[in-house]
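Below, each chain spelled out in residue letters.
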Amino acid sequence: MSAVLGYEPVPENELAERVWVDACGSHRVAVACKEELLAAVRELRPRKGARLVLLGADVGELPEAERLRLLCRVGFVPADGGLISSLNAWENISLPVAYHAPARLPGLLAQVRALLDELGGVEDSLLGKLPENMTLYEKRLTAFVRALLENPELVVVENLAAGLGPTKRRRVARFAEVYQARCPGATYVQLEESRGGS
Amino acid sequence: MFAVYRELEGTAHLLTHTVRRLGVLRLPPVMEELVRQIYFTGASATGGIVLRGAFIGTLIIAYVIEVLAADAALAVKMLLWVVLREVGPLIAAVLVIQRSGTAVATELALKEISGEIASLRRMRIDPQDYLVVPRVVGMAASNAALTLYVQLIAVGGGMVLSSMMINVPLNEMLEHFFQLASPLDLVYSLIKSVLFGAAIAVVACYHGLNPGGTSINAVPRAVIRAVTEALLLVMLLNVIFAYLAYGTAFFGLVTAEQ
């Protein structure tokens, strides 16, 4: 059986349950093994004994070249943004493009500004800010824009609304809509910690 | 013993990786990292070196003339030999270890612990390409530039200060300098300083990327190991160069066959 996102934790982990998302769209998934699953999705390396399925592929059985190709197709946004501390927001957003496809750089700033506007707009100064000067929302927004520029087929995010005020929560709630408007047929999965493993 | 072997293998791997992957410097983000590294290690370190260099030059001339009762020619010869061949590269190396070696080890260890290295891998960016290659190249180039700067300041400043303090005419010292100076001395010291810079960077990067723990406590331990081992490696390289240049090492304990 194929899944957009599937995870079978190590059998010894009694609290953890199986995760299976087999339809595109927007999903909120509450799991007890959130950290374990996030680590597996971040590096596309499940723990020994666990099984991770992404976009129909069993990640543990993929050769290295296929695994790297899969990294382009799966976006990932952790709660802290996962930004590089020595780079400002623009450099963080443009880093993958500058590294893998420098020819795309000239038109990138306009794309980024358009995307930021779609996501609710931000102050002009954001792009020049270092992560240490950003708010939690700005870090998540920056990371989300960076992920979207790769046009991924699946985006896995941590609970991006956690720790934010009501206004920013409303803006974060639009992330999935904007993503699916830009990438129809894609899947957005928000992972949350379930209480008590039930 | 196994840990020592692992460290040697790890640093050798980083060095060969840097040599093999020099081409990544063409990528805009890697080039930016290189420019940052050269600015930090080379440009912003020059201020601290002026006084040290000038004092060392003056001390050497003063000692040779006053303590050994030698003439200006011998004083300048000693200055050239000691500063150009030995002290210049060593002072620059110590300064680079103190400023940039510690900074690189700390920065990379924090990146590893905070998950930034994992973020780079997530973006399909090899951390060794993006972080190690520009640091090794940048520190090697900056150390060579700093060495030249130390030599210039120590020799020039030493002669100027000596002429004022111990009553040796400046033009007499300059005359001896141009008679005795050889471009080979400069080339020898530059080769040494490039290798010193690369060695310091590789050791700092290795310990930064392998902090030996996932808590913040691992950072100072990584920095201490990086500084200690970088100093040891620089001294070892210096002994090897001394052996190659003079046929003797460890104060004459090891001598080349004649």
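None of the values given here were measured: they were computed from a predicted structure.

Draft legend 1. Fine view of the sheet that holds strand S2 (residues 19-21) of chain A. Residues and elements named next belong to chain A. The strand order across the open sheet formed by four strands is S2-S1-S4-S5, and the pairing between neighbours is antiparallel. The open sheet is flanked by S2 and strand S5 (57-58), the only strands paired with a single partner. Alignment of strand S4 (residues 51-54) against S5, held across two bridges, turns out to be antiparallel. Among the inter-strand pairings, Leu 54 is bridged to a residue of S5, identified as Ala 57. Packing of helix H1 (residues 34-43) onto the sheet brings it into contact with strand S1 (5-8), S2 and S4, and relative to S1 it is tilted by some 125°.

Draft legend 2. Spatial organisation of the interface of chain B and chain A. Across the contact, 21 residues belong to chain B and 25 residues belong to chain A. Summing both sides of the interface, chain B and chain A together bury roughly 2000 Å²; the carbon and sulfur share of this comes to 57%. Three residues stand out in chain B for area buried against chain A, namely Arg 122, Met 123 and Arg 124 of chain B, and they jointly supply 39% of the buried area on that side. There are two salt bridges connecting chain B and chain A. Of the charged contacts, one joins Glu 150 of chain A and Arg 124 of chain B as a salt bridge, the two residues approaching to 2.9 Å between their closest N and O atoms. On inspection of chain B and its partner chain A, the count reaches 11 residue pairs in polar contact (both at pLDDT 80 or more). Mapped onto the side of chain B that touches chain A, the elements with two or more residues apiece are helix H2 (28-41), helix H4 (72-114), helix H5 (116-122) and helix H6 (127-165) of chain B.

Draft legend 3. Spotlight on the pattern of salt bridges. Residue and element names in this part refer to chain A. Inspection of the entire model under this criterion finds 20 salt bridges over all chains. Between Glu 138 and Lys 129 there is a salt bridge, and its shortest N-O distance comes to 3.1 Å. Judged on exposure class, the residue Glu 138 and its partner Lys 129 are both buried.

Draft legend 4. Spatial organisation of the confidence of the model for chain B. Overall, the predicted model of chain B reaches an average pLDDT of 86, with 94% of residues at or above 70. As scored by the predictor, the complex reaches a pTM of 0.86 and an ipTM of 0.87.

Draft legend 5. Seen up close, empty space enclosed by the protein. Under the defined criterion, the tally for this structure stands at one cavity of 30 Å³ or more. If you add up the space inside the largest cavity, you get close to 220 Å³. If you trace the largest cavity, you find 20 residues lining it, with Phe 76, Arg 146 and Ala 147 of chain A together with Arg 122 and Met 123 of chain B closest to the centre. Where the lining of the largest cavity is concerned, the elements lending two or more residues are helix H2 (64-73), strand S6 (74-77) and helix H5 (136-148) of chain A together with H5 of chain B. Among the elements that line the lining of the largest cavity, the one with the most residues is S6 of chain A, at four residues. Partitioning the lining of the largest cavity into residue classes produces 11 nonpolar, four polar and five charged.

Draft legend 6. Main features of unusual backbone geometry. Although it is not a glycine, Leu 44 of chain A adopts a positive phi angle of roughly 50°. Mapping Leu 44 of chain A onto the fold places it in the loop between H1 and S4.

Draft legend 7. Inspection of the sheet that holds strand S7 (residues 154-158) of chain A at higher detail. Residue and element names in this part refer to chain A. If you trace the four strands from one edge of the open sheet to the other, you get S3-S8-S7-S6, paired in parallel fashion. Every other strand in the sheet has two partners, leaving strand S3 (25-31) and S6 as the edge strands with one partner each. Shown here is a sheet whose adjacent strand axes are inclined to one another by a mean of 20°, direction ignored. Here S6 pairs with S7 via four bridges, running parallel. Bridging across to S7, Phe 76 finds its partner in Val 156. Together, S6, S7 and strand S8 (187-193) form the strand contacts of H5, whose direction differs from that of S6 by roughly 175°.

Draft legend 8. Inspection of the layout of surface pockets at higher detail. Residue and element names in this part refer to chain B. Put simply, the largest pocket is a space of about 510 Å³. Taken together, 17 residues make up the lining of the largest pocket; nearest its centre are Leu 8, Thr 11, Val 203, Glu 229 and Leu 233. Sorting elements by how many residues they give to the lining of the largest pocket places helix H1 (residues 2-20) first, with seven residues. Counted by class, the lining of the largest pocket contains 14 nonpolar, one polar and two charged residues. The space that makes up the second largest pocket amounts to roughly 400 Å³.

Draft legend 9. View of helix H9 (residues 218-246) of chain B. All names here are of chain B. End to end, H9 covers 42 Å across 29 residues, agreeing with the expected 42 Å (1.5 Å per residue, within 8%). Along H9, the positions that sit buried rather than exposed are Ala 218, Val 219, Ala 222, Val 223, Ala 226, Ala 230, Val 234, Leu 237, Asn 238, Phe 241 and Ala 242. Backbone geometry just after H9 places Gly 247 at a positive phi near 75°.

About the thresholds
- Residues numbered from 1 in each chain as written.
- Chains lettered and ligands numbered in written order.
- Predicted model: local features only at pLDDT ≥ 70, side-chain atom pairs only at ≥ 80, totals over all residues.
- Heavy atoms only, no water.
- Pairing = 2+ DSSP bridges.
- Helix = DSSP H or I, 4+ residues; strand = E, 2+ residues; numbered from the N terminus.
- Contact = heavy atoms within 4.5 Å.
- Axes fitted to C-alpha atoms, helices over the stretch in contact; angles between N-to-C directions.
- Buried area = accessible area lost by both parts, 1.4 Å probe.
- Salt bridge = Lys/Arg side-chain N within 4 Å of Asp/Glu carboxyl O.
- Polar contact = N/O pair within 3.5 Å; in protein donor to acceptor, adjacent residues only side chain to side chain.
- Buried < 20%, exposed > 50% of the residue type's maximum accessible area, 1.4 Å probe, protein only.
- pLDDT = per-residue confidence, 0-100.
- 1 Å grid on protein atoms, 1.4 Å probe; cavity = no way out; pocket = protein on both sides within 12 Å on 5 of 7 lines; lining within 4 Å.
- Points joined across faces, edges and corners; volume = space filled by probe spheres on them.
- Nonpolar A, V, L, I, M, F, W, Y, C, P; charged D, E, K, R; others polar.
- Expected span 1.5 Å × (residues − 1).

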